[in-house]
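# What the coordinates show
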Amino acid sequence: MKQLKIFALILWVALSSCVKNNDDSSVVGDVIVVSKMSGTTVVYGLAYYAYAFSNLKSVSVVSSLDPTKKVALAINGSYKNNFYKEPGDTDYSATKPSAASYTFNSVFESGETFASDDILSSEVLAPATFEKCAYNSTQGYAEINWTALTDADSYAITIYDDEKNMIFKSAEFNNSIHTVTLSSAASGWASGHPSNGKTYTVRVSAYEYEDNSYSAYDIQSTSISESNLVWGN
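Along its length, the chain carries one helix and 16 strands. By the burial criterion, 47% of the 233 residues in the chain qualify as buried. The long-range fraction of contacts in the chain, counting pairs at least 24 apart against all pairs at least 6 apart in sequence, stands at 64%. Per element, the accessible surface of the chain, about 11,400 Å² overall, is 47% carbon and sulfur.

Before going further, it helps to spend a moment on the nonpolar core. By size, the foremost hydrophobic cluster in this structure holds 24 residues, and its most contacted members are I144, W146, Y155, I157 and I159. Counting only elements with at least two residues in this core, the list comes to β9 (130–136), β10 (141–146), β11 (154–160), β12 (166–169), β14 (179–182) and β15 (199–209). If one sorts the elements of this core by residue count, β15 sits on top with four residues. Other than its neighbours up to four places away in sequence, I144 contacts F130, K132, C133, I157, H178, T179, V180, L182, V202 and V204. Membership of the second largest hydrophobic core comes to 20 residues, among which are V27, L46, V59 and V71.

Moving on to the sheet that holds strand β7 (residues 100–108). Read across the sheet, four strands follow the order β4-β3-β7-β8 without closing on themselves; strand pairing throughout is antiparallel. In this open sheet, the two strands that pair with only one neighbour each are β4 (66–72) and β8 (113–120). When the angles between neighbouring strand axes are averaged without regard to direction, this sheet yields 25°. Summarising the sheet, strand β3 (residues 56–63) and β7 pair through seven bridges and their orientation is antiparallel.

This part takes up the sheet that holds β10. In a beta sheet, neighbouring strands pair by backbone hydrogen bonds and run either parallel or antiparallel. Strand order in the open sheet formed by three strands is β9-β10-β14, with antiparallel pairing between adjacent strands. Single-partner strands in this sheet number two, and they are β9 and β14. Averaged over all pairs of adjacent strands, the angle between their axes in this sheet comes to 10°, without regard to strand direction.

On average, residues of the chain carry a pLDDT of 89, and 87% of them reach 70 or more. Taking the mean pLDDT of every element in the chain, the minimum, 45, falls on helix α1 (residues 5–18) and the maximum, 98, on β10. Under a pLDDT of 50 for its full length, residues 1–20 has, in the predicted model, 55 contacts with residues more than four places off or in other chains.

Next up on the list: the environment of A72. With respect to the helices and strands, the residue A72 is situated in strand β4. Under the relative-accessibility criterion, A72 is labelled exposed at 56%. When the C-alpha atoms of A72 and Y48 are compared, they prove to be 9.5 Å apart, with 24 residues separating the residues in sequence. Setting aside its immediate chain neighbours within four residues, A72 contacts V59, S60 and K85.

For the rest of this paragraph, the subject is unusual backbone geometry. The residue after H193, namely P194, is reached through a cis peptide bond having omega 0°. Relative to the elements of secondary structure, P194 occurs in the loop between β14 and β15. Even without being a glycine, K164 presents a positive backbone phi close to 65°. Mapped onto the elements, K164 comes out in the loop between β11 and β12.

Among the structural elements, W146 can be located in strand β10. Look at W146 and you get buried, because its relative accessible area is 0%. Each C-alpha atom of the pair W146 and F130 lies 4.2 Å from the other, and the pair is 16 residues apart in sequence. Among residues more than four places away in sequence, those in contact with W146 are A128, T129, F130, E131, Y155, I157, F173, I177, H178, T179, V180 and V204.

Along the polypeptide, N145 turns up in strand β10. There is a polar contact of 3.0 Å between the side chain of N145 and the backbone oxygen of H178.

Let us look at the pattern of salt bridges. Scanning the model with the defined rule gives five salt bridges in all. The partner of D91 in a salt bridge is K85, with the nearest N and O atoms 3.5 Å apart. Look at D91 and you get partly exposed, because its relative accessible area is 39%. In this structure, the salt-bridge partner of K132 is E143, at a minimum N-O distance of 2.5 Å. Placement of the pair is K132 in strand β9 and E143 in strand β10, with a sequence separation of 11 residues. Under the relative-accessibility criterion, K132 is labelled partly exposed at 41%. By relative accessible area, which is 17% here, E143 ends up buried.

Cut-offs and rules
- Along each chain, the written sequence defines residue order, and numbers are assigned to residues from 1.
- Reporting of local features is limited, given that this is a predicted model, to residues whose pLDDT is at least 70; pairs of side-chain atoms are given and counted only at 80 or more, and all residues count toward the totals for whole chains, interfaces and linings.
- Just so you know, side-chain values use all the structure's heavy atoms and leave hydrogens and water out.
- A run of H or I in DSSP counts as a helix once it spans at least four residues, and a run of E counts as a strand once it spans at least two, with each numbered from the N terminus.
- Classification of residues uses two cut-offs on accessible area relative to the type maximum, computed with a 1.4 Å probe and protein chains only: under 20% is buried, over 50% is exposed, and between them is partly exposed.
- We call two residues contacting when some pair of their heavy atoms lies within 4.5 Å.
- Accessible areas in this description were obtained via Shrake-Rupley with a 1.4 Å probe; residue shielding takes into account the shown protein chains only.
- By nonpolar core we mean a set of buried residues, namely Ala, Val, Leu, Ile, Met, Phe, Trp, Tyr and Cys, connected to one another through side-chain atoms within 4.5 Å.
- Here the rule is simple: two strands pair whenever DSSP picks up at least two bridges between them.
- Lines fitted to C-alpha atoms define the axes here, with helix axes fitted over just the stretch in contact, and angles between the N-to-C directions of these axes take values from 0 to 180 degrees.
- Per-residue confidence from the predictor is reported as pLDDT, which spans 0 to 100.
- The definition of a polar contact used here is a pair of N or O atoms within 3.5 Å, where within protein one atom must be able to donate a hydrogen and the other to accept one, and adjacent residues in sequence count solely through side-chain atom pairs.
- We define a salt bridge as a side-chain nitrogen of Lys or Arg found within 4 Å of a carboxyl oxygen belonging to Asp or Glu.

Below you can see the structure in the form of C-alpha cells.
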C-alpha cells in the first residue's frame, strides 16, 4: 500500500537528525491513527513505525487492549533500521480506535532486544473537505483549497498519477495554510510531470502531533482526503 509511505521518509530523516550515536541500540516506535472517507463514512486504521540507527531483524507490536494480538512489522525497502506496517483496505473500520499503550518489541541483527512504548490517545483527525481543486487555465496553475481542521497541526499535499505513483510531494505546511496554488514549475514534481490533459489524484494529508510535541516521530493522528484534478483544462 503506497498511501502513507511519506511518513516513513519524514520520520526517518527526523530520527537521523536527533540520534547522535550510530551505535545506539534503542528503537523509537510510533502508532498513528489514520482516517479517510469510504463512501460517505469516515473510517479509521492504525499505522505502525519503528526506527533505529542499528540494523533490525524484526519488530512486533502489542496493544494494552489485547496483549495476545501481535502485529508484525515489515522492513521498509532496503532500510534495515526502518520497519513499518500501514493499514490495508480491510484494516479500516468505522469504529474509532480507543486510547491504549503500544509496546514495540524489537530484535536487532546482533541479537540484542529492545522494548519501547508509545501512548495513543483517543483523539482523531477528520478528513479535510476540499473547497476547490481545479486548474486555473488563465493563471496557469492549480488551485487547491480545503476547510481548516481545528485540531490539525500541519498539512501536506501529494499527487498521484493514474497508476497510483506519487509524482508530487510538497513540504509540510503549518496549520494556518489551507489554500495552495501549484504550477508546473513548483519544486516537488517528478520528472515528466505534470502533463496537460492528464487526470491526477490530489491528496491532502493533515497531521496532529502528540501533546503538541511537533516531533516527526510523535504523530497522534493523520487524515487523508482526495480529489481528482485535470491538469491544464
